[in-house]
Amino acid sequence: MAATQEEIVAGLADIVNEIAGIPVEDVQLDKSFTDDLDVDSLSMVEVVVAAEERFDVKIPDDDVKNLKTVGDATEYILKHQA
Amino acid sequence: MSSTNRTVVVTGIGATTPLGGDAASTWEGLIAGRSGVGPLEQEWAADQAVRIAAQIAVEPTEVIPRPQARRLDRSAQFALIAAKEAWADAGFTDRAGEGADVDPDRLGAVIASGIGGVTTLLDQYDVLKEKGVRRVSPHTVPMLMPNGPSANVGLLVGARAGVHTPVSACASGAEAIGYAIEMIRTGRADIVVAGGTEAAIHPLPIAAFGNMMAMSKNNDDPQGASRPYDVGRDGFVLGEGAGVIVLESAEHAARRGARVYAEAVGQGISADGHDIVQPEPEGRGISHALQNLLDNTDLDPAEIVHVNAHATSTPAGDIAELKALRKVFGDDTDHMAVSGTKSMTGHLLGGAGGVESVATVLALYHRVAPPTINVENLDPEAEANADVVRGEARKLPVEGRIAALNDSFGFGGHNVVLAFRTPLCG
C-alpha cells in the first residue's frame, strides 16, 4: 500500500535523524536538506538510498539534484512509489 | 620564520588506547604495569588461531556523536579523539583562525596509520556482496583512504600549512612525528598536530598476521601474551588506538606562555635493505638510524636515560634493537632504562609511534620509566645488551637535563628513532 504524505515525511525524518542527527521534529516540508538539515552531498546519497528502500521507489541520480527540500522529496516519492 | 634550525617542543598530548580513553588514564595504566590485552569474544574469532587482542578501553562511539562517527573509519575516530585532547591540552579551545591564537597557514597536521581504513574497506565489500552496488556507502572512499585520519584532524584544528600521512607500517606514527618536527624546524609551520592511529582488529588482518607467524598464540593467558625480552615470547599482540602530540616551535610556545612537556630533539631514520618483513638480525639498520640521530642533532648519549623500545615481543626483533643500542651507545647504554610498553598496550602498528611518543614524553615529564611486564625469564641476550625495566616502574634521575628515545620499526625495513629531552627551562 502506498505511503501517505504524513508517512513519507515521518519516514524521511527518521532517515535524516539517523544520518545527520537532526531531531525528527525539525524535519518539515519546507526544510532544505543542505541548508537546514546538515545533509551534505554524500549524505544526500545515503538519504536517497534509505528512502528508496523504505518507500519502494527508484530515484535516479539525475533526479536527486532536484530534491532540494523535504517537500520536494515527499512529492517525488508520492508520485513515483510503486 | 626563515630560520632553518628552530627548536621544537611538545605542548600538548592526547591518546585513546587499550589502557584508557585519554593520555592520563593510559599513563596511569602504564605506570601501574596493567595489561590491556584480553580475549577476542566476537563470533568471528572462534575459528582464528589468534583469539586475543588489546582492544580500546573506551569505545569511540561513546565519545563521538553518532552522525559524525558513522562517516569516520574507526582509525579516524581514534585519531580525532586523541587530537582533540592534545589540542585542548595545548591550551586551544577553537580551530585556528576561529578564535584560537594560531595562524592557520602556519599550522599543520601529520597523522599516520599503517593500514588505513581496512575495516571500512572490508565491511563495505561485505555490503557490496550481500546487498548490492547501490548500498555501498558514499562515504567509503574518504573513510578508507589512509590520509583520512590526518585530513580529519587537519579539519578539526583548521590546519592549512600542510596535512600529511607518511606510511611505513609499524614505524608510521613515529615517521609522522619526525615529519612534523622537520616541518617546524625548517620553518614551514609553527605548530603541527602529529601522531599515529590504527584500527585493524578484524578477522582478515588477524588471520593474515597469524599466518605470518608474527603474533602470539598464547590464547590461554591473554594478559601474559605480550612479553618482550622474555625467553618465552612468541610474537606480538595486536592493539588498537591512537596517540597524538602537539609540536610547536619553542619561540611560538614561549610567546603564548604554553606549558612545555619536553623538547622534541629530532629523529634518526634509516632502512634495513635486508628483507621485506624479517628484521636484520644484528640491528645494522637500527644502528644506522641511531647514528643518524646523533649526527643530525645535538643529543649527547650521556643525557639519554630512557628508551621506549620498539620491543614487539617477537623472538628476533627485540634482541636486534638492543644490540643496536649497545653498538652505537657503548657503555652509555648502561644508564638507559629500556621499557617495552607493548607488553601492556599490545602493538598498535601505525598507532604505536604516536602512543609511545606520548609515553616517552610523559616519562620525561614525570621522570619515571614505565615497566616491561611479563618478563619472567629475561632473555640472556637482552640482559647482555641493555638494562630492561622489569615488573615495576622505575624512577629516572630527579635532577638535570635528561633525554629519552622512542624507537619504531616497520615491515619493509623502516627504522625511525625519535628523541625527546626535558626542556632547558624546566
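Chain B carries the name 3-oxoacyl-[acyl-carrier-protein] synthase 2 in an unreviewed UniProt entry, which gives Streptomyces phyllanthi as its organism. Check the Pathway (unreviewed entry) section of the UniProt entry for chain B; it says "Lipid metabolism; fatty acid biosynthesis."

The name given to chain A in an unreviewed UniProt entry is Acyl carrier protein, and the organism recorded there is Streptomyces phyllanthi. In UniProt, chain A has this text filed under Sequence similarities (unreviewed entry): "Belongs to the acyl carrier protein (ACP) family." Under the UniProt heading Subcellular location (unreviewed entry), the entry covering chain A gives this text: "Cytoplasm".

The next point concerns the layout of surface pockets. Put simply, the largest pocket is a space of about 810 Å³. Along the wall of the largest pocket there are 33 residues; nearest its centre are Glu46(A), Arg70(B), Gln124(B), Val127(B) and Ser137(B). A per-element tally of the lining of the largest pocket places helix 4 (residues 118-131) of chain B first, with six residues. For the second largest pocket, the calculated volume is near 600 Å³. Residue assignment for the lining of the second largest pocket shows that the elements contributing at least two residues are helix 11 (284-296), helix 12 (315-329), strand 14 (403-410) and strand 15 (414-421) of chain B. Along the lines of polarity and charge, the residues of the lining of the second largest pocket split into 16 nonpolar, 14 polar and seven charged. There are two domains that each give the lining of the second largest pocket at least three residues, and those are domain 1 (8-256) and domain 2 (266-421) of chain B.

Before going further, it helps to spend a moment on the nonpolar core. Residues and elements named next belong to chain B. Val10, Ile13, Ile177, Val192, Ile245, Leu247 and Phe420 are the most contacted members of the largest nonpolar core, which has 46 residues in total. In terms of residues, this core owes the most to one element, helix 7 (residues 172-185), which gives seven residues. Counting residues domain by domain, this core receives three or more from each of domain 1 (8-256) and domain 2 (266-421). Not counting residues within four places of it along the chain, the set of residues in contact with valine 10 comprises Ile245, Val246, Leu247, Arg259, Val260, Tyr261, Ala262, Ala264, Val361 and Phe420.

Here we take up the UniProt feature "active site" (unreviewed entry) in chain B. Residue and element names in this part refer to chain B. The residues that UniProt annotates with the feature "active site" (unreviewed entry) are Cys170. Assignment of secondary structure puts cysteine 170 in the loop between strand 5 (162-164) and helix 7. Those residues in contact with cysteine 170 that sit more than four places away from it in its chain are His310, His347, Leu349, Gly350, Ser408, Phe409 and Gly410.

Parameters and conventions
- Residues numbered from 1 in each chain as written.
- Chains lettered and ligands numbered in written order.
- Predicted model: local features only at pLDDT ≥ 70, side-chain atom pairs only at ≥ 80, totals over all residues.
- Heavy atoms only, no water.
- UniProt positions renumbered as here; feature names shortened; annotations may be inferred.
- 1 Å grid on protein atoms, 1.4 Å probe; cavity = no way out; pocket = protein on both sides within 12 Å on 5 of 7 lines; lining within 4 Å.
- Points joined across faces, edges and corners; volume = space filled by probe spheres on them.
- Helix = DSSP H or I, 4+ residues; strand = E, 2+ residues; numbered from the N terminus.
- Nonpolar A, V, L, I, M, F, W, Y, C, P; charged D, E, K, R; others polar.
- Domains from an automatic or database assignment.
- Core = buried A, V, L, I, M, F, W, Y, C linked by side-chain atoms within 4.5 Å.
- Buried < 20%, exposed > 50% of the residue type's maximum accessible area, 1.4 Å probe, protein only.
- Contact = heavy atoms within 4.5 Å.

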